[in-house]
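Reading the structure
So the chains spell out like this:
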Amino acid sequence: MKARYQSFVVAVERAIADSDPIGLLEGGAPADEYGPEIGTIVPRVLNAQSVEEVTSVLHQEFLGWFGDDTAGPRHAYEAPAGEIWKALLEFRKSV
């Protein structure tokens, strides 16, 4: 179970890093720059019931961490939410 959970966390990290929703990595930040945000996102998305809910969680978390101006619009989180939703469905199959 622990290994599956860790795989899910890695999938969330990858989805967010690949999309880099606020451009921190593109701007030269270290690869683990989104680590604190991942720590608050993962527990919240575990109970999500739809990709739309995952999108909302991501947007809410980035709003909380960075504010309106930096977090940007909700639609910027749709791509990583889709990837996280797929990973979540796989994780749920394993538990």
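See the structure shown above.
What you see is a predicted model, and the numbers here were worked out from it, not measured in a lab. (Residues numbered from 1 in each chain as written. Predicted model: local features only at pLDDT ≥ 70, side-chain atom pairs only at ≥ 80, totals over all residues. Heavy atoms only, no water.)

Of the regular secondary structure elements, the protein holds four helices and zero strands. Counting helices and strands in the order they occur from the N terminus, the protein gives α-α-α-α. Computed over its C-alpha atoms, the radius of gyration of the protein comes to 13 Å, within 12% of the 12 Å expected for a compact globule of 95 residues. Across its three principal directions, the C-alpha atoms of the protein cover 40 × 25 × 20 Å. (Helix = DSSP H or I, 4+ residues; strand = E, 2+ residues; numbered from the N terminus. Rg over C-alpha atoms; globule rule 2.2 N^0.38 Å.)

Further remarks concern the packing of aromatic side chains. Applying the stated rule across the entire model yields five aromatic pairs. For the ring pair F8 and F91, a centre distance of 5.5 Å and an interplane angle of 25° mean the geometry is stacked. Here F8, found in helix α1 (residues 2-19), pairs with F91, found in helix α4 (residues 78-94); they are 83 residues apart in sequence, far enough to count as distant. On the accessibility criterion, F8 (2% relative accessible area) is buried. An aromatic cluster is defined as three or more aromatic residues linked by ring pairs; in this entry it consists of Y34, F62, F66 and Y77. (Phe/Tyr/Trp six-rings, centres within 6.5 Å; stacked < 30°, edge-to-face > 60°. Buried < 20%, exposed > 50% of the residue type's maximum accessible area, 1.4 Å probe, protein only.)

Another aspect to go through is unusual backbone geometry. Positive phi outside glycine occurs at D20, with the angle close to 40°. Among the secondary structure elements, D20 is positioned in the loop between α1 and α2 (35-45).

Moving on to the pattern of salt bridges. Counting across every chain of the model gives three salt bridges. A salt bridge links E83 to K86, with the nearest nitrogen and oxygen atoms 3.4 Å apart. Of this pair, E83 and K86 both sit in helix α4, separated by three residues, roughly a single helical turn. Under the relative-accessibility criterion, E83 is labelled partly exposed at 43%. Here E90 ties to K93 by a salt bridge, and the two come within 3.1 Å at their closest N and O atoms. (Salt bridge = Lys/Arg side-chain N within 4 Å of Asp/Glu carboxyl O.)

On to the environment of E90, then. Turning to its location among the elements, E90 is positioned in helix α4. Relative accessible area serves as the criterion here: at 46%, E90 is assigned to the partly exposed category. Spatially, the C-alpha atom of E90 lies 9.4 Å from that of R4, the residues being 86 residues apart in sequence. Within polar-contact distance, the side chain of E90 engages the side chain of K93 at 3.1 Å. (Polar contact = N/O pair within 3.5 Å; in protein donor to acceptor, adjacent residues only side chain to side chain.)

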